[in-house]
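Residue-level structure breakdown
Each chain, written out:
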Amino acid sequence: MPSTNTNDNSALKQQWETWANSLSPESVDCVAIKVVKPRHAGTVRDELAVHRQLGDLETVPAQIARLIDSFVVNDHPCLVSEMFGEELGAFVDEWELDTGEARQTSRDILLGLKALHDVGITHTDLKPANVLYSPKDHHAKLIDFSTATTTFRKGRHFGTREYRAPEVLLGSTWDPGVDVWSAACTIYEIVTGDLLFNAHRKAREVRHWLWKKAQRQFDAYRQVRANARKATPDS
């Protein structure tokens, strides 16, 4: 939660008490509150739009953290969501998942993405820090839809560098498949405990590496074509 001044904290406490008192005792046990700085209010509107779209479904997918309510305190948007487990990234920094646990967690991540993609939403910033994990049953839920989108634009940089798909790094046209790349990087990390791609590698170095690899593949393809022409008798 971002730091706020005393007035903000008092106002938040008052608003929280007002909101909590409006609930019936059995309606909610524990919740998480995300407090957003005013300059990021636009991302909150986008996140609320995603939750509204998911809320139109007959059942909100179990692999997506449920939004309960939202309110604003001193220009700070606040999102209230269900409390669930802990951040997956922090957990795997301290503990290892066995094969069965990693399989269940990976399954939930992929099912959460499928639910988003089925309604035309791309998460765009999937990573362990945006996944909640329950050590009790090893289930997972996706969170943070502040950069989620239903449109695809060439050359738009988004997400966290270590989990960005090649087409994003190269500024090429992209689609929901970028989430699948991010999911693969995330699953690799929870299984091995290591990043698939080094966090300190500069984006331009990654682009250079991808370009060199593509160039080698193209050169090999040209050589195959040349050999095929040589092996084919002239008509």
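The structure this text deals with has already been given above.
Residues numbered from 1 in each chain as written. Predicted model: local features only at pLDDT ≥ 70, side-chain atom pairs only at ≥ 80, totals over all residues. Heavy atoms only, no water.

The next subject is the sheet that holds strand S4 (residues 86-87). Strands sit in the order S4-S5-S6 across an open sheet of three strands; the sheet is antiparallel. A single partner strand is all that each edge strand has here, and the edge strands are S4 and strand S6 (140-142). Bridging between strand S5 (residues 131-133) and S6 involves three bridges; their strand directions are antiparallel. Considered in S6, the bridge of Leu132 is made with Lys141. Against the sheet, helix H4 (residues 99-118) makes contact with S5 and S6, and its axis sits at roughly 30° relative to S6, the strand it touches most. (Pairing = 2+ DSSP bridges. Helix = DSSP H or I, 4+ residues; strand = E, 2+ residues; numbered from the N terminus. Contact = heavy atoms within 4.5 Å. Axes fitted to C-alpha atoms, helices over the stretch in contact; angles between N-to-C directions.)

Per the counting criterion, the structure on display carries six salt bridges. Put simply, Lys127 and Asp125 hold a salt bridge, and the shortest N to O gap is 3.8 Å. On the basis of relative accessibility, which here comes to 14%, the residue Asp125 falls in the buried class. Notably, a salt bridge pairs Arg222 with Asp219, separated by 3.2 Å at the nearest N-O pair. (Salt bridge = Lys/Arg side-chain N within 4 Å of Asp/Glu carboxyl O. Buried < 20%, exposed > 50% of the residue type's maximum accessible area, 1.4 Å probe, protein only.)

Inspection of every chain in the model, using the stated rule, returns two aromatic pairs. An angle of 50° between the planes, with centres 4.8 Å apart, marks the rings of Phe91 and Tyr133 as tilted. Taken together, the residues span a long stretch of sequence, with Phe91 in helix H3 (residues 88-94) and Tyr133 in strand S5 at a distance of 42 residues. In this structure Phe91 comes out as buried when scored by relative accessible area, which is 11%. Since its relative accessible area comes to 1%, Tyr133 is described here as buried. An angle of 10° between the planes, with centres 5.7 Å apart, marks the rings of Trp181 and Phe197 as stacked. Of this pair, Trp181 sits in helix H6 (residues 177-192) while Phe197 is found in the loop between H6 and helix H7 (203-231), placing the two residues 16 residues apart along the sequence. The partly exposed category is assigned to Phe197, whose relative accessible area is 23%. (Phe/Tyr/Trp six-rings, centres within 6.5 Å; stacked < 30°, edge-to-face > 60°.)

A few words now on the layout of surface pockets. Of the volumes computed, that of the largest pocket is approximately 310 Å³. What lines the largest pocket is a set of 18 residues, and nearest its centre among them are Ala32, Lys34, Ser81, Ile143 and Asp144. Broken down by secondary-structure element, the contributors of at least two residues to the lining of the largest pocket are strand S1 (31-35), helix H2 (41-55) and strand S3 (76-82). (1 Å grid on protein atoms, 1.4 Å probe; cavity = no way out; pocket = protein on both sides within 12 Å on 5 of 7 lines; lining within 4 Å. Points joined across faces, edges and corners; volume = space filled by probe spheres on them.)

Note that Val180 resides in helix H6. The spatial distance from the C-alpha of Val180 to the C-alpha of Leu126 is 8.9 Å, given a sequence separation of 54 residues.

Counted under the stated rule, the structure contains four cavities of 30 Å³ or more. Size it by volume and the second largest cavity reaches roughly 50 Å³. What lines the second largest cavity is simply Thr124, Asp125, Leu126, Phe158, Gly159, Thr160, Tyr163, Arg164, Ala165, Val178 and Ser182. For the lining of the second largest cavity, the per-class residue count stands at five nonpolar, four polar and two charged. (Nonpolar A, V, L, I, M, F, W, Y, C, P; charged D, E, K, R; others polar.)

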